[in-house]
Structure formats: structure tokens, C-alpha cells
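# Close look at the chain arrangement
Spelled out from the first residue to the last, the chains are:
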Amino acid sequence: MDTISLYKHRIDALMDLIYGSGQANHAAIIEQLNYLLFLRALSIKDDEAELLGITDESEKIFTGDLVKYRWQNLLALNAEDLFKTLEQAFELLQKKSSNATVKLLFRNAHVKIYDRPTLRRVVHEIEEFAKELDKVAHHGDKDVFGDMYEYLLSKLSSAGTNGQFRTPRHIIDFMVKVVDPKKNETILDPACGTAGFLVAAYRYIAGEYTSDKMKKAGSPRAMDKLSADEKKFLFNHMFTGFDSDEDMIKFGMMNLHLHGLTKSYLVRQNSLTDTTGNKDKFDVILANPPFAGKIDEESVSEDLRMGTKATELLFLRFMMDHLSFKGKLAVIVPEGVVFNASKAHTKVRQMLLEKGLWAVVSLPSGVFNPYAGVKTSILFLDKEIAKNKNEIVFVKIENDGFDLGAQRRPIDKNDLPVVTDILNAWKSGKEIESNLVNIVEKSKIESDENYGLSGDRYKATTDHSVAKWPMVELGEILEYEQPTKYIVKSVDYKDEYETPVLTAGKTFILGNTNETEGVFRNRLPVIIFDDFTTATKFVDFPFKVKSSAMKILHAKKEVADPRYVYFAMQNITFKFAEHKRFWISEYSKIRIPLPPLEVQKQIVAEFDGYQKIIDGAKQVVENWKPRIEIDPLWEKVKFGDEKVMQIIDGDRGTNYPNKEAFKPEGYCLFLNTSNVRKGSFDFSKCDFITKAKDELLRKGKLVREDIVLTTRGTLGNSAYYSGDIPFENIRINSGMVLLRANSKVLLPEYLLQFLNSQEFVEQVTNFMSGSAQPQLPIRALSEIQFSLPPLDAQKQIIKQIKTERSSIEVTAQLISIFEQKIKDRLAKLWLS
């Protein structure tokens, strides 16, 4: 087994072992492995100091009362003694160690592998495979422990912690190669997380300053081309990192330590709120700062305030302010930074141009899948390059070596090496010819009042938006293919690598099939037309069809771009005759405007730019789900616990609901299950009950701060009643219940978040009864459990989710804005 497979296999096995012992919190599992691996690394460092004859106690970790906690001593303990001794070790290392880094790393550390035999086995498993890594390190690969640790940190993503937006390693390496950090340059990551950028910069520099002779000898990072003073600078002064999360700082420190960078400066600090008056400058800044959420303007450092709460803009301001006179910057930003028209966005883009922006690299929208679907770009600043350039180079990466699905599986298409060569050629003054590149004069960007940084925005050299183009029939530019003989009789739902099946009617992509015959794979792309709905789809992947109502249209490529024709067809209003299908003979005669082929491609590029923004925004909106990070120490309670909440049944009202006209006075509003949606009420169709009939109702009266939960019909929908409906008397029917929280221990809004969680859905699935009409009886609802944090923690959770939801709502607005842009642009094509 090779080294990489060794540590991946062992880390995965250790995590499974701990999980199987009852520790179900993945973040806690990773934390425990971090502490144990680091404890061993510190012990090995002391062992090496003794072998070198170092007697200075200040150079050691385990001295005095701490000697008994050295790794080798722990290996000799039985399971019960090991648990107690480790708990003592974590406590005393933070209290008595003379090493400030060690004190920080073990602050608030506790043993969370509660099963004693499992803990002992984990310790011995770590020792067993670490010895094998020791041998690899001894033969020249000094970074093997760092590589292993980075793999462990990558597991933070699946743990759903702060690592969910962890930058993929290959993207970090690409950014570092383009920036090309040098010896004697200071390097900063102001939102360093687990120090991935700093480690990548170290690895790059170490490789650049290692001779070929040493590389061939098996020491790829010997740095024999550096002097002693230059090495001293690298290990003691080169790397700085800030992060507001103490756990991330701990992980980052361990990461740097295991790469030999024990003197690097990592500190818990919020770069946006704790830096007023900080004038430190850095030669290189590498970052992927958080760009979800807002920050209170009063909390922002005075140096950074610019009338915005957007963290991505404030981080950009911080980084530009802290670049040295020869500074270089590479930073990942959300797409809104590139095109958003707000004053703050415009101001930041103007500053970027003034501070040395020279390249904008657009990344595919799935780079951060499955944890974030937001579309991103990389901005490169270099003050030295910008001095000699009057243009900005825009590059669009279509493929980064992985598919854009949730699993991010490797593929054979990868633009990163080519783009690296393109950007290096551009820096050195060479001419560039590539369909991935668009070079735009700075003056053109500066003349745009919004300083837009979307490359597609500047592609078209002529304004064709008001041109008058000849109208041609679709039959003149499209070839028609009838797929009857390829009809698929049965469809199996398989994984994403099988062939999608297109069908007519409401469902356009039906599923997937593993059948091999009848697959359309030649002469792609095509336009698929649905006779039943007149919907069109642009398809550039192999597919099968299930219905003869699906027509396959091939564009005559010498005169028409298939994507342009597809866009143009979106503006057609299809009018059905007496029959229910739209025949080929009819739509062949429909006319569309047809510009020259080159202009069609420019229009497509414009639409593609809009569509990518729409798609990226949709991914963000669709993938966002409120997430509650559960602390295993929180109390578990049941819905039926009356100290926590009351469950109040609705009233049957069988004989007396009547649909009256809207009469707010003297009438009772009687809700049914159709009035409760996910997170809100729908009062478009309501029942109103006269006062006389209202007196017959005995149950289910709604009061302010109640939560309504449907228990049959639209089972599982829930909504919070804020008291803003103009009725004094509101009742619910028996298909719902009221959940009335005891506000001394449970906030209604926190309960609502749980009702929207996957954990609640899974429990409902287990408890519900009935097959024809599933329902959730109160006795079953009473057994559902949830974690109950302290009130302060509930408030923080609610605040964070509201902040996230606010950002999502802003992102959702982009969808309608850019869909309207496409519609407006399409309408202009039909000018007569």
C-alpha cells in the first residue's frame, strides 16, 4: 500500500472506530484525533531534542510534572488509567506548559472518546501507523505527517463544521503557482482557517528552492538553495494567519507544526473587527475569506468602514490596505463582487484597479460542491505587474479536473495547467491566444460607471442590441429528427454516470437508464422540442428519449449557432390548433431574427454570462438549508415533555365550518391544512365561521408565538404565528396541532428551525401511520426528540440563521434580475 493510501485508510478506519463506540459528532471525532496526533508529535520532538543533546528545558514540552504525559508513557496504561491520564494531560498542558502555543492548543480540551477500550485501541492504532509514517519521513519525505494531517482536516467538510467552505487543494495550489511567492517575502492569510494557503505557499517555496539533485535523492523540500539566514526567516517570520474561530486556529497551528513551521504567527483575531490601527504590510496575501452573512457596521474596524455590511467587501478592503508596496494578492470572491451594482461594490472594484488588479479568473459554479454552490472568481493583484500593463486579462475556467456533481469525481478535462501557463505568459509580456481568455483595456473598465469585472461584459465590440436582423423560418436553419425508433420502454434510476432519459409532458428529464442502445451521442449539441408543452431544452450530453413527442432539432452550423437558436426560441409564443400537439410542419414556418454567425456567438456569450449568474444563484438558494450544530452536551427532550411545550389538538368542526365572505369582525378564521405552507401561512382560501358556530368550537385556538404543525395531508408543514393577522379568534382544524413553547426554556423560533430540519423529517417518517393518507398522531408526535440548548445558544442559532436567510433572499433577487435581463435582450432581437 502506498503512503497516501496508508494514511487515508487508517484515518478513515479510526473515524469509523470512534463513531462505532458512540461518539456520533464527526467534528468531535476529528478534534480528538487532532489532539492525540499532536500529543505524539510533541513527544517525538522532545525525543529528538534529547538525541541531539539539547538540555535546555525551555526547548522541551514535557518537563517537570508533565513528563508522565509523554506519548510512550501513555502507551503502557490500561484503558481506565489511560482515560484519566489523558484528561489530566489535556488540563495540565494548558495550565503548566511554558510553551504559549501548547497552552493555546490544549485550552478547553477534554477527552470525548468515552468508551475506554476504544480510546486505548485508538491510541495504539495511531502509534502503529505513525511508526510507518516515521519511516517514510526518515527516507526524505518530511511532509508526510503534514499531508496526513491535511487529509484529516479535509474531513471537516463532511463534518459540516466551518470546514464546509474549505478551499479545494488543487485550487489553492493553482493560486499559489500564479502568485509565485519568493524567499524573504512575508505571507498573510487574514481568514486562515486550517492554514491551507500558508502550508501550500510553504510547500511551493520549499520546492522552488530545492535543487534537482536533492529532489532526485528523495528530498523534494530540502531547500538547499536557501542560506541559513533565509531559512531562519522562512521558519520564523514568513507566515502569518488570522482567524476568528479558536478551533480553526488550533487546527491551523497543528497543521503548520507538522510541516515544521513551529514559529509561524497564527492568532485568533477577527480581521474585520479587531484591527483598527494595525498598519502591518505583507508582500503576499492569499485568501478565501468567508462571504456568507453580514456584520454589524458598528463592529467593523474604523479603518475598514465603507458603508457596507458585506464581509467579502470588507475583507477585500483589509487585504488591499495591508499589501506592501510590491504586494501580490490572490483571493477567491463570490460572483457578486464582480458585477453587483451597489455603491460599495463599485467602490471596491475601483480600488482593485487602482491597487494592481491584473487578472480575473472565473471558476466553474460547482467548485465548492457539495457544501456551497455559489459561483466564484479569483482576483489577482500585483503592483509590479500592473505598473506595466494597461489591460486586465479575463480567463474562464470551464473544467478544473473534477466533475461538478456532489461527489466531485476526477475527470480528464482540466484547464488549470493551461491557465497557469497563460497567466505566466501574460506576466512575462508574451502574446496570448486562447478561447479561454478575454483581454480588456483598463480604460474601458474605468469608463463603465460600475467598474464591472465580468469578462463577458466587454466581449462584444459592437452594440447589436438595436440592430435589425433578417427574419428566417426555423425550417431553413434547423434539421429535424424524429426519435420514434429510440423509445425506451422502461427506465431504471441509476447513478449520475448512466444516460439521462428525456420524456414529454411535465417531466423533461425523467431519470437514468443503463441501457446502451439508442443513445444520442453524435452531432451534439441539439435542441429538444416537446410537442405537448412546446418547451425547449438545449442538450449537449448523450441522452435517450422515451416519447415520440420529443423532437430533436440540429442547427445548420454554417449559418446558425444552436445555443442562439435555443435562446431565440424562448421568445416564441406557440399557438395550438385544435389538436393538443404542435406539429413539425407548424413550427418549421415560425420565423426568428438571424444575425451573422459571429454576432450570434457574441449574443450567446452575453446570455451565458447571465445564465451562469442565474445558475450559481439558484444553487445557493436551493442548496441552503438552516443547519443547527448539535452539542452532545445539550439535553435531549421529547415533544411530549410539558415542561418544554404544550401540544394542542385542533377541532374537527365537522358540521359547522362555512365559507363566508371576508368579515373580520364577529367571525372566526378557521384554518385547514392547505393554509399552512413550509414556514408561512397562505390565506388565499380560508373558511370563516359565524360567531354562533364559533361557540361550538372547543379546541385549537391560536395565540401569538404558537407554531402550527400539520399532522396529515400536507404532513410536516409548519409556520410561526407572530400575531399579525387581523382576527381576534383563529382556530385550527384537526389536521394540525399547535405547539406552544415554554419560553423560559424553549424559544418558538428555535423550535421552528428544528421542525425544518432533516432530523425531524426522519423521525416523522418513523412515527407516522396510515398508508392511503399518512398522519402523525399526537401520541407519536410526543415521542419525537430534539436537542435543547441553553436560551443564549438558541438566540445565537436563530440570529445566525436569520443572517444567512437574509443573504439567501438577496441572492434569490439576482435570479429574477438576470432572468429579466435575458427576456429584455430577447425582446430587442425582434425589433422590426
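Preceding block: the structure.
What comes next concerns the included structure. (Residues numbered from 1 in each chain as written. Predicted model: local features only at pLDDT ≥ 70, side-chain atom pairs only at ≥ 80, totals over all residues. Heavy atoms only, no water.)

## What to know about the overall build of the chain
Check the secondary structure of the chain and you find 27 helices and 31 strands. Restricting the contact set of the chain to residue pairs at least 6 apart, pairs at least 24 apart contribute 73%. Accessible area of the chain: about 39,600 Å², with a carbon and sulfur share of 48%. (Helix = DSSP H or I, 4+ residues; strand = E, 2+ residues; numbered from the N terminus. Contact = heavy atoms within 4.5 Å. Areas by Shrake-Rupley, 256 points an atom, 1.4 Å probe, with all protein chains shown as cover.)

## Comments concerning helix H8 (residues 169-179)
Along an α-helix, residues three or four positions apart point the same way, because every turn accommodates 3.6 residues. Of all the positions in H8, only Ile171, Ile172, Phe174, Met175, Val176, Val178 and Val179 are classed as buried. Taken from the residues just after H8, Asp180 is the one with a positive phi, measuring 55°. (Buried < 20%, exposed > 50% of the residue type's maximum accessible area, 1.4 Å probe, protein only.)

## Here we look at the nonpolar core
Across soluble globular proteins, nonpolar side chains show a tendency to be buried alongside one another. Leu86, Phe106, Phe174, Phe380 and Leu423 are the most contacted members of the largest nonpolar core, which totals 100 residues. Each residue touching Phe174, except ones within four places of it in the same chain, is listed here: Val361, Ile378, Phe380, Ile397, Leu416, Val419, Thr420 and Leu423. Counting 40 residues, the second largest nonpolar core, distinct from the first, contains Phe318, Met319, Val348 and Tyr458. (Core = buried A, V, L, I, M, F, W, Y, C linked by side-chain atoms within 4.5 Å.)

## Side note on the sheet that holds strand E19 (residues 550-555)
Judged by pairing direction, the sheet is antiparallel, and its four strands sit side by side in the order E13-E19-E16-E17 without closing on themselves. Lying at the two open borders of the sheet, with one neighbouring strand each, are strand E13 (478-481) and strand E17 (536-539). Each neighbouring strand pair of the sheet contributes to a mean axis angle of 30°, computed without reference to strand direction. Contacts from helix H20 (residues 562-569) reach E13, strand E16 (526-530), E17 and E19, with the element oriented near 165° to E17. (Pairing = 2+ DSSP bridges. Axes fitted to C-alpha atoms, helices over the stretch in contact; angles between N-to-C directions.)

## Description of empty space enclosed by the protein
According to the stated counting rule, one finds one cavity of 30 Å³ or more in the structure shown. Estimates place the volume of the largest cavity at around 40 Å³. Lining of the largest cavity is provided by Val178, Val179, Lys328, Leu329, Trp358, Phe380, Leu381, Asp382, Ile385 and Lys427. Contributions of two or more residues to the lining of the largest cavity are made by H8, strand E5 (323-334) and strand E7 (376-382). (1 Å grid on protein atoms, 1.4 Å probe; cavity = no way out; pocket = protein on both sides within 12 Å on 5 of 7 lines; lining within 4 Å. Points joined across faces, edges and corners; volume = space filled by probe spheres on them.)

## So, the pattern of salt bridges
Opposite charge on two side chains makes pairing possible when the charged atoms of those side chains draw close. All told, the structure shown has 26 salt bridges when counted by the stated rule. One salt bridge in this structure joins Glu127 and Lys131, with 3.9 Å as the shortest N-O distance. Of this pair, Glu127 and Lys131 both sit in helix H6 (residues 116-138), four residues apart, which is roughly one turn of that helix. Owing to a relative accessible area of 7%, Glu127 belongs among the buried residues under this scheme. (Salt bridge = Lys/Arg side-chain N within 4 Å of Asp/Glu carboxyl O.)

## Some thoughts on the packing of helix H13 (residues 311-321) against helix H15 (residues 343-354)
For any two helices packed against each other, one specifies the inter-axial angle together with the distance between the axes. Close contact between H13 and H15 brings their axes to 10 Å; oriented N to C, the two are set at 25°. When the axes of H13 and H15 are compared, the pair comes out roughly parallel. Like other packed secondary-structure pairs, H13 and H15 cross with a definite hand, here left-handed. Across the interface between the two elements, Glu312, Leu313, Leu316, Arg317 and Met320 from H13 touch Ala344, His345, Val348, Met351 and Leu352 from H15. Broken down by class, the residue content of the contact of H13 with H15 amounts to seven nonpolar, one polar and two charged. (Parallel < 35°, antiparallel > 145°, perpendicular 65-115°, else oblique. Left-handed = near helix turned anticlockwise from the far one by under 90°. Nonpolar A, V, L, I, M, F, W, Y, C, P; charged D, E, K, R; others polar.)

## Observations concerning the environment of Gln350
Of note, Gln350 is situated in helix H15. According to the relative accessible area criterion, Gln350 is partly exposed, its value standing at 22%. Separated by 101 residues in the primary sequence, Gln350 and Tyr451 have C-alpha atoms spaced 6.2 Å apart.

## Thoughts on the packing of aromatic side chains
All chains considered together, the criterion is met by 15 aromatic pairs. With centroids separated by 5.6 Å and ring planes inclined at 25°, the aromatic side chains of Tyr35 and Phe106 adopt a geometry described as stacked. Taken together, the positions of Tyr35 in helix H2 (residues 26-51) and Phe106 in the loop between helix H5 (100-105) and H6 put the pair 71 residues apart, joining distant regions of the chain. The exposure classification of Tyr35 matches that of Phe106, with both residues buried. With a centroid separation of 5.6 Å and 35° between ring planes, the pair formed by Phe90 and Phe106 is classed as tilted. Of the two residues, Phe90 is situated in helix H4 (residues 79-96) and Phe106 in the loop between H5 and H6; the sequence distance between them amounts to 16 residues. An identical accessibility class is assigned to Phe90 and Phe106; each is buried. Grouping aromatic residues by their ring pairs yields a cluster made of Tyr35, Phe38, Phe90 and Phe106. Geometry around Trp426 places Lys389 over its ring, the cationic atom sitting 4.1 Å from the centre. The ring of Phe818 carries Lys821 above its face, with NZ or CZ at 5.7 Å from the centroid. (Phe/Tyr/Trp six-rings, centres within 6.5 Å; stacked < 30°, edge-to-face > 60°. Lys NZ or Arg CZ within 6 Å of the ring centre and 35° of its normal.)

## So, the environment of Lys678
For Lys678, the position within the fold is in the loop between strand E24 (676-677) and strand E25 (680-681). According to the relative accessible area criterion, Lys678 is exposed, its value standing at 66%. When the C-alpha positions of Lys678 and Ser718 are compared, they lie 5.5 Å apart, and in sequence the two are 40 residues distant. Those residues in contact with Lys678, other than ones at most four positions away along the chain, are Asn717 and Ser718.

## Details of the environment of Asp243
Within the secondary structure, Asp243 is located in strand E2 (residues 239-243). Classification of Asp243 by relative accessible area gives buried; the value is 11%. Taking the C-alpha atoms as reference points, Asp243 and Arg268, 25 residues apart in sequence, are found 5.2 Å from one another. Filtering out sequence-adjacent residues up to four positions away, Asp243 remains in contact with Ala191, Cys192, Gly193, Met248, Ile249, Val267, Arg268 and Gln269. There is a polar contact of 2.8 Å between the side chain of Asp243 and the backbone nitrogen of Gly193. (Polar contact = N/O pair within 3.5 Å; in protein donor to acceptor, adjacent residues only side chain to side chain.)

## Details of the sheet that holds strand E3 (residues 265-268)
Taken in spatial order, the nine strands make up an open sheet running E3-E2-E1-E4-E5-E7-E6-E8-E11, and their pairing is mixed. The sheet terminates laterally at E3 and strand E11 (437-441), the two strands that pair on one side only. Geometrically, the sheet is characterised by an average inter-axis angle of 15° between neighbouring strands, direction not taken into account. Relative to E11, strand E8 (residues 391-396) runs antiparallel, the two being bridged by five bridges. Each bridged residue has a counterpart across the sheet, and for Val393 the counterpart in E11 is Ile439. Helix-sheet contacts for helix H12 (residues 246-258) involve E2 and E3, and the interaxial angle to E3 is about 165°.

## Some remarks on unusual backbone geometry
Here Ala195, not a glycine, exhibits a phi torsion of approximately 70°, which is positive. Here Ala195 falls in the buried class, since its relative accessible area comes to 0%.

## Regarding the packing of helix H22 (residues 597-623) against helix H27 (residues 791-829)
For the pair H22 and H27, interaxial distance at closest approach is 8 Å and the crossing angle is 155°. Taken together, the axis directions place H22 and H27 in an arrangement best described as roughly antiparallel. Crossing angle aside, the handedness with which H22 passes H27 is left-handed. Across the interface between the two elements, Ile603, Glu606, Phe607, Tyr610, Gln611, Ile613, Ile614, Ala617, Lys618, Val620 and Val621 of H22 pack against Ile808, Thr811, Ala812, Leu814, Ile815, Phe818, Glu819, Lys821, Ile822, Arg825, Leu826 and Leu829 of H27. Grouping the amino acids of the contact of H22 with H27 by side-chain chemistry returns 16 nonpolar, two polar and five charged.

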